[in-house]
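A structural walkthrough
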Amino acid sequence: MKRILPALILCCLVAGLCMAEAARVDPSIPAYHPVQGISGSLKSVGSDTMNNEMTLWAEGFRRFYPGVKIEIEGKGSSTAPPALTEGTAQFGPMSREMKAEEIDRFEQKQGHKPVAVRTSIDMLAVYVNKDNPLPCLSLQQVDAIFSKTRRGGARKEITTWGDLGLTGEWATHPISLYGRNSASGTYGFFKENALFKGDYKDSVKEQPGSSSVVQGVATDRYGIGYSGIGYSTADVRSVPLSVKPGGECEATMPENAYEGRYPLARFLLLYLNRKPDAPLDPLRAEFLKYVLSREGQEAVVKDGYLPLPPRVLEEERARLDIK
Amino acid sequence: MSTPSPAHPPPALAGKTRRTSPRVLWADRAAAVTITLGGLSVIVAVLGMLVFLVVVVRPLFAGAVMTAAVSYPLLPAERTAEILFCEVEEYRTRGMCALATGEVILFAARNGRMLDRRQAVPVQPAPTSFARAPAGGGVAFGFADGTVRLGRFDFQTEPGAGDDERTRSLLVLAEPVPVGAPGDAITLLDYRATQSGTRLAVMTASGGLLVSEVARRTNMLTGKETTDLSSTPLVVPEELRALGRPAYLRTNAQGNQVILAWKSGTAARYDLTDRANPLLVERPDLTAGTGAALGCLIFMQGDQSILSGDSLGETRAWFGVERWDGGLDGRSLVAARTLERHDASVEVIAVSSRDKSLITGAADGTVLLHHLTSGRTLARAKVDPPSAIVTAQIAPKGDGVFVVSADGMGTLWDLRNPHPETTLSTLFGPVWYEGYQGPAFTWQSSSGTDDFEPKLSLTPLIFGTFKATFYSMLFAVPIAVSAALYTSEFLDRRYRAALKSSVEMMASLPSVVLGFIAALVLAPLVEKWAVAVFVAFAIIPLGAILLGHLSGWLPRRLWAASGGGAPWLHLAALIALAILSAAVARALAPLLEEILFAGDFKAWLDGRTGSGASAIGLLSWPLILVSLMALDARRPAPPRDGSRPRLQGAARFLLIVGASIAAAGLIAAAGSWVGLDPRGALFGTYVQRNALVVGFVMGFAIIPIIYTVAEDALAAVPDSLRSASLGCGASRWQTALRIVLPVAVPGIFSALMIGLGRAAGETMIVLMAAGNTPVLDMNLFNGLRTLSANIAVELPEAVKDGTLYRVLFLAALMLFLITFVVNTIAEIVRQRFRRRSLSL
C-alpha cells in the first residue's frame, strides 16, 4: 500500500495535467447559484454519447437539490424524439439535430416545435487500435473504408490496411469495422458528414453503445471504429482527419474543434418541450442553468468533451431567457 | 387409447360399486372446467397476439390516398407560362407563386383568394433565369447583364395573429453579384444551399459554364465566419455546342456532380471531385435512345438520383453505377428505375422533402404519385377540367399535393401517405437502391437525415436467424444427444442425478451473461486460437474412441474394475483426455496451419494465400471418416468369449483414420484440379464476432435443454427392451444404439425442436456476440443479425405507428410464423414416430 499510494497520486497528477491541457473552462463563466424551492423529478431519454455527461450533470445538480429525482436512459439519439413527443421524458439529449420528420411528429402531438439547447462540443473521432501506425485519414478515405456507395468520390473501395499505405504485417490484413446501431445520433452524424450521406457497408459491426465500439477496437488489433471523444481510452488512438485528400491533418485537439478545422466536430444538444411565449418551469430552468454554468461545463470537461465557449453559453442563456 | 388405465377400473370390478363422494365429483368437474378454460385462454391469447401483430402490420401494405381536391382559378391562363414556381406552406393554408416578371403573389391555399401581390425583383434588367434550392427556401435569379442575385423566400407565420394575417410571404434578395462577363446574360442557373456553404452552377448566353461555391466555417470562440469563395470553369466541347442551347443545368448539393442536358436528351456529366481538374466524364442519353424530347430534369431529394420526364410520358430515375465501360470516373448513369408511364408528355416532376415520394404531372392533366424505392404508383389523380400541368409541389410535410395547370387553375389535394416505402417486394425481394451496383437485399433502416432512402429488406434478418440456429444446432445437437445417451445408458445410476442437475444448472445462466462472455472473452480467444479450436474439435472425439480401444492395455485388475463399476476411472480418463487433446491441439495447430493454410489461417480464409484444396479436404474428411466407421461397424461382431479385447481394434481404428485422411487428400487434389474452391461460400474472411462464436455460446444455452429432454426420453425406454437385447447377446453399445435410441426417437426429436425454438428466438447472445451485421453470407466466420436481435436493437428508436415500428412488428410476426411452422412440423413428425414406436 505504501508503494502504491505515491504511484496513485502521481497518476492522478498526470491525469489532471492532461485534463488541464485537454480543455479548460473559461473562468469568466459564472458559477451556479442555487435557488429556493426546487423539487420534483426529471427524466431524460436519448443519446448514448451524452449518457455520462447527463449523469454527471444530474449528480452535480442533486448536490444542490437532494430532493430532485433524475432518471437517465441513453440508448441512442433516435430514442429522444419519440420520448419527448409522447411526453415520457422532459429532456432529450441528442448528438445530432432532429430530422424534419421527427419535428413534424412532435408538432402534430404538442402543437409547437421542440427547442434545442447546445450544451457542449464533441469531436467525433475515428479510432484505431493503439498499436496501429496509421498517421492520417482523409474524409474520402474514411468514406471508402466504411461506405459501400462511396459518395465522397473515392474511386476504389478500401478493405485492407495495405490500401491505406501501411506496410509489413498490416499490409494484407483486412480492416475490421465497428460502428454504432442506427438509433445512435453518432451513426447518423457520421453517415452524413464522413460518408457524405452514403450507406454503411453491411460488414460494419453495429454495437449497442459507444463504449462497445471502443472496446471492440481495443480488443481487435485490426479494427477501426468511430465514437465520441469522451469514450476514448488508452487502448485506442484517434486518427487525425483531413477534409480533402492531401489536405492538412487535424488531430482531435480542442483548438481544432473550436476554430472549425476538425471536420467532425459537433454540438451535443439537449432537446426539450417548451411552449412558445411561456417561461420554463423552475425545475427545468434551473437544470439548464446548471448545465450552462461553470460547474456544468466542468462536468463536460471531466467527461472528456469540450466546454462551450463563453459566447455560445451567453447566446444559449439569452435564447432560453434564463439568467 | 386402447390400453386400460387405472383411472377406468375394468368392468370386472364394476359389480361392487362404491359411490364416489360428491365432493370428489365436484372437485373433478371444477378441475375439468378450470383446465379447459386455461387451455382455451392460452389458445385465445396466442390467437390474440397473432391478430394484434397482423393489425399493426396491415397498414404497411395500404397505398396512399389523395382526397378532398379543391380547385380554383388562380391566374389568367395566358400568364401561367410566366410561373417560376408555386407552392403552399407547411400548414397548407397559404400558397404563393413567383412569376418570371419578378412578381410574387400570395393566396389562400384552400380557396385561391388573392391576399398579396408585389413586385419582388426589379423589372429592369429582366431576370433571364431562375433556380430554387430544394430545401431551405433559397432562390437565385440570373439577369441579362451577367449578374446573379441570391435570395431567400419564406412564409412567415405569426402565431398570435388572425387567420388572414397569419402568414405572409417574404422574398429577400441580396445585392447583385457579377458572375458572367458584363452583358453576358445568365441563361441557366442552379443553386444549392447547405449549412456548410452554397453552390451555384451558371451558364451564360455566350456558352460559358461555371460552378462557383462558397464554403463557410465558423470559429466557435469568436463567432467569426470565414468564407472561402472558389470558381471552377467547365468546358463544353465544340460538338456539344453545335447542338444548340442546352435546356437544363443541374448540380448536386455537394457540388461534385454537374449535369448539362439538351432537349434532345443528350447530356454531359461533369465530375468535380478534384476541383482543380474537372472532368467531363460521360455523355449519357437521358431519353434512353427513344428519340423523345426531355420535358423535365430534376435531382431526387438527396441528390443521389436524377429524374427525367420525356415527351413519351416516361419517367426514369438515373444514378451513377460503377461499370467497366463507365465514364472517366468509372461510373455511368443508368436508368435504374422506370416509373409508371403517362399517356401524354411529362411536364413536371416534383419531389417530396420528407421521403422518396415524387409526383409527375403530364400534358393531359394527370398527376401520379410514385415512390422511388418501390417503384410503385401510390395514387393517381386528374385536374378538372383537364389541362397540362405547369407546376407541382408535394406540401412540405408530405401531406398535400398542389398543382397549377395551364388554364390557370390551382388544385390542392390532401394526401395521406404513411408508409410509401413498403411493399412485399421491397420487404423480401432484391431492390436496386440509389447508388448501389445492382439489386440487393439490404437492411439499413434509418439515419439522421431526411433524404435517406430506408432499406427495409427482411431477407438478411431471416437468413441471419436461420444461420445462427443452424450453426448453434450443429454444435449443440451432437454434444447434447451423446451426453444424454451416455448418461442414461452407460453412467452409473449413482452419478446420474448429480450430473443431470448440474447440466441443468447451465440453463439457468442468464443469456445476457453468456452473450457478454462470448463477446468480450470468447471472441478474442477464438480469434487467437482459431486453428487450435478446430483441431481440438477433431482430436477430442477421435481420442475418446482411441481411448476406448486402448483400454485393452489396462492391467487386468483395473480393467475389471472399470468394466464392473468404477465410473471415476471413466470420468478421470475422459477429463484427462480433454486436457491432453487441448494441449495436443495447441501444439499441432501451428504445424497444421503451415501445411493446410500456407502458414496464415486468416489470410487463407480471405483467399490471399494457399489453395482451395485444403478446404475441400477438410470438408470431405469428416464425411469419409464417419462413413468408413459406419461400414466398419457393420462387419459381424467378433464372438464374445469374455476375453479382453485385443489391440487389433485400436490398430483397425487408426487404419480407418489414416485411410480417411488419405481419401480426403485424394478428393481435395481432384477437387482443386477441377477448380473447386469452397472459400467465399462456407468459409470466408474471418471476422471477430462471428457465427462460430455464436454457435459455441448459443450451444451453451440450448445444450442443457436438449440434454434434459433427450435424457428423459431415453430413460423412459422400458428396461424390458434393454434386458431382452442384452439377453440376446448384444453389447451395451449395440443395445443403446440400435434398441434404445430408435425407441426414444420421438422424445429426442421433440428435444431437438425445443432447442431449435430456443435458438431461433434467442436474443441477447446473438445481440452481443454476432456483430449484428445484416449480411447474406453463409460464411461460418462472418457475423449475422437475427430478427429478434434486430427488434431489440431498433425498437427504442422506432416512432410509434411509423414505418420502422410496423416493419419491426412484421419481423415479430415472421418469428412467430417460423416458430409456429417449426413446432407444427415437429409435432406432426413426433406423432408419427410415436405411433411407430408404440407399436413396438
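Since this is a predicted model, take the numbers as computed values, not measurements.

Section: the overall build of chain A
- Each helix and strand in chain A was counted, giving eleven helices and twelve strands.
- Relative to a compact globule of 323 residues, whose C-alpha radius of gyration would be 20 Å, chain A shows 21 Å and is just as compact.
- Projected onto the principal axes, the alpha-carbon positions of chain A cover approximately 65 × 60 × 35 Å.
- Counting every position in chain A, which comprises 323 residues, the buried fraction comes to 51%.
- Contacts spanning at least 24 positions in sequence make up 73% of the contacts within chain A whose residues lie at least 6 apart.

Quick word on the overall build of chain B
- When helices and strands are counted, chain B shows 18 helices and 31 strands.
- By the compact-globule yardstick of 28 Å for 840 residues, chain B is too spread out, its C-alpha radius of gyration being 38 Å.
- Within chain B, the proportion of its 840 residues that are buried is 40%.
- For chain B, the proportion of contacts with a sequence separation of at least 24, taken over those separated by at least 6, is 63%.

Some remarks on the interface of chain B and chain A
- Contacts between the two partners involve 44 residues from chain B and, on the opposite side, 47 residues from chain A.
- Per-class residue counts for the side of chain B that touches chain A are eleven nonpolar, 22 polar and eleven charged.

Quick look at the sheet that holds strand 15 (residues 248–251) of chain B
Residue and element names in this part refer to chain B.
- Sheet architecture is open: four strands sit in the order 15-16-17-18, paired in antiparallel fashion. Lying at the two open borders of the sheet, with one neighbouring strand each, are strand 15 and strand 18 (279–282). Neighbour to neighbour, the strand axes of the sheet diverge by 25 degrees on average, direction disregarded.
- Bridge count between strand 17 (residues 267–271) and strand 18: three bridges; the pairing is antiparallel.

Observations concerning the pairing of strand 7 (residues 176–180) of chain A
All names here are of chain A.
- By the criterion of burial, strand 7 is predominantly enclosed, with five of the five residues buried.
- Every second residue of strand 7 is oriented toward a common face, with Ser176, Tyr178 and Arg180 on one face and Leu177 and Gly179 on the other, all of them buried.
- Where strand 7 lies against strand 9 (residues 223–227), three bridges are found, and the strand directions are parallel. Considered in strand 9, the bridge of Ser176 is made with Gly223.
- Summarising the sheet, strand 7 and strand 8 (residues 205–207) pair through three bridges and their orientation is parallel. By the bridge assignment for strand 8, Tyr178 is matched with Lys205.

Observations concerning the environment of Pro460 of chain B
- Mapped onto the elements, Pro460 of chain B comes out in helix 4 (residues 459–489).
- Each C-alpha atom of the pair Pro460 of chain B and Ile818 of chain B lies 15 Å from the other, and the pair is 358 residues apart in sequence.

As for the nonpolar core
- With 91 residues, the main nonpolar core has Ala140, Val148, Leu189, Ile359 and Val401 of chain B as its most contacted residues.
- Those residues in contact with Ala140 of chain B that lie beyond four places of it in its chain are Ala131, Val148, Leu150, Leu189, Tyr191 and Leu200 of chain B.

A closer look at helix 5 (residues 139–146) of chain A
- Taking burial as the measure, the eight residues of helix 5 of chain A include eight buried ones, the bulk of the element.
- Restricting attention to buried positions, one finds in helix 5 of chain A the residues Leu139, Gln140, Gln141, Val142, Asp143, Ala144, Ile145 and Phe146 of chain A.

So, the packing of helix 2 (residues 51–64) of chain A against helix 9 (residues 282–291) of chain A
Residue and element names in this part refer to chain A.
- One way to put it is that helix 2 packs onto helix 9 with a least axis distance of 10 Å and a crossing angle of 115 degrees. Compared by their axis directions, helix 2 and helix 9 come out roughly perpendicular. Note on packing geometry: the crossing formed by helix 2 with helix 9 is right-handed. Between helix 2 and helix 9, the residues in contact are Trp57, Gly60 and Phe61 and Phe287, Tyr290 and Val291, respectively.
- Split by residue class, the contact of helix 2 with helix 9 holds five nonpolar, one polar and no charged.

Re the packing of helix 6 (residues 511–528) of chain B against helix 13 (residues 691–715) of chain B
All names here are of chain B.
- Interhelical geometry of helix 6 versus helix 13 gives an angle of 145 degrees and a closest axis separation of 10 Å. Classified by chirality, the crossing of helix 13 by helix 6 is right-handed. Counting all contacts with helix 6, which are made through Ser511, Leu514, Gly515, Ala518, Leu522, Ala523 and Val526, the residues of helix 13 involved are Leu692, Val693, Phe696, Val697, Phe700 and Ala701.
- Tallied by class, the residues present in the contact of helix 6 with helix 13 amount to eleven nonpolar, two polar and no charged.

So, the pairing of strand 24 (residues 357–362) of chain B
Residue and element names in this part refer to chain B.
- Within strand 24, six of the six residues are buried, which leaves it mostly tucked inside the rest of the structure.
- For strand 23 (residues 346–351) and strand 24, the ladder comprises five bridges, and the chain directions are antiparallel. Looking at the pairing, Ile349 lines up with Thr360 of strand 24.
- Here strand 23 folds back onto strand 24 in antiparallel fashion, the turn holding five residues.
- The sheet contact formed by strand 24 and strand 25 (residues 366–371) spans five bridges and is antiparallel. Its bridge partner being in strand 25, Thr360 is matched across the sheet by Leu368.
- Between strand 24 and strand 25, which pair antiparallel one after the other, the connecting turn spans three residues, and Gly365 there sits at a positive phi close to 90 degrees.

Section: the sheet that holds strand 2 (residues 83–88) of chain B
Residues and elements named next belong to chain B.
- The antiparallel open sheet is built from four strands, whose spatial order is 2-3-4-5. The open sheet terminates on both sides in strands that have one partner only, identified here as strand 2 and strand 5 (114–119). Taking each pair of neighbouring strands and ignoring which way they run, the sheet shows an average axis angle of 10 degrees.

Some remarks on the environment of Thr186 of chain A
Residues and elements named next belong to chain A.
- Position of Thr186 relative to the elements: it lies in helix 6 (residues 185–193).
- Of the residues examined, Thr186 has 29 C-beta atoms within 10 Å and is grouped as buried.
- Taking C-alpha positions, Thr186 is 8.7 Å from Ser210, a pair spaced 24 residues apart along the chain.

Regarding helix 13 of chain B
All names here are of chain B.
- For helix 13, which comprises 25 residues, the first-to-last C-alpha distance of 33 Å matches the rise-based estimate of 36 Å (1.5 Å per residue) to within 8%.
- By the largest-angle criterion, Phe700 marks the main kink of helix 13, which is about 40 degrees, and a proline, Pro704, follows within four residues.
- Burial analysis of helix 13 places 23 of its 25 residues in the buried class, the great majority of the element.

Describing the confidence of the model for chain A
- On average, chain A scores 87 in pLDDT, and the residues at 70 or more come to 93%.
- Between residues 1–21 of chain A, whose pLDDT stays under 50, and residues either more than four places distant or in other chains, the model counts one contact.

Digging into the confidence of the model for chain B
Residue and element names in this part refer to chain B.
- Per-residue confidence for chain B gives a mean pLDDT of 85, with 92% of residues at or over 70.
- Every residue in residues 1–7 is under pLDDT 50, and counting partners more than four places away or in other chains gives one contact.
- For this predicted complex, the interface confidence score (ipTM) comes to 0.80, while the overall pTM stands at 0.85.

Things to note about unusual backbone geometry
- Cis geometry is found at the peptide bond from Asp384 of chain B to Pro385 of chain B, where omega equals -5 degrees.
- Relative to the helices and strands, Pro385 of chain B resides in the loop between strand 26 (377–382) and strand 27 (389–394).
- You will see that Arg150 of chain A, though not glycine, has its phi angle at about 50 degrees, which is positive.
- Mapped onto the elements, Arg150 of chain A comes out in the loop between helix 5 and strand 7.
- Since 23 C-beta atoms lie within 10 Å of it, Arg150 of chain A is described here as buried.
- Residues other than glycine seldom take positive phi values, yet Phe196 of chain A does so here, at roughly 55 degrees.
- Here Phe196 of chain A lies in the loop between helix 6 and strand 8.

Quick notes on the environment of Ala536 of chain B
Residue and element names in this part refer to chain B.
- Of note, Ala536 is situated in helix 7 (residues 530–550).
- Here Ala536 falls in the buried class, since 20 other C-beta atoms lie within 10 Å of it.
- Spatially, the C-alpha atom of Ala536 lies 8.0 Å from that of Arg586, the residues being 50 residues apart in sequence.
- If we ignore the near neighbours within four places in the chain, the residues touching Ala536 are Ser581, Ala582 and Ala585.

Basis of the calculations
Residues numbered from 1 in each chain as written. Chains lettered and ligands numbered in written order. Predicted model: local features only at pLDDT ≥ 70, side-chain atom pairs only at ≥ 80, totals over all residues. Helix = DSSP H or I, 4+ residues; strand = E, 2+ residues; numbered from the N terminus. Rg over C-alpha atoms; globule rule 2.2 N^0.38 Å. Buried ≥ 20, exposed ≤ 12 C-beta atoms within 10 Å, placed from the backbone. Contact = placed C-beta atoms within 7 Å. Nonpolar A, V, L, I, M, F, W, Y, C, P; charged D, E, K, R; others polar. Pairing = 2+ DSSP bridges. Axes fitted to C-alpha atoms, helices over the stretch in contact; angles between N-to-C directions. Core = buried A, V, L, I, M, F, W, Y, C linked by C-beta atoms within 7 Å. Parallel < 35°, antiparallel > 145°, perpendicular 65-115°, else oblique. Left-handed = near helix turned anticlockwise from the far one by under 90°. Expected span 1.5 Å × (residues − 1). Bend = angle between axes of the 7 residues up to and from the residue. pLDDT = per-residue confidence, 0-100.

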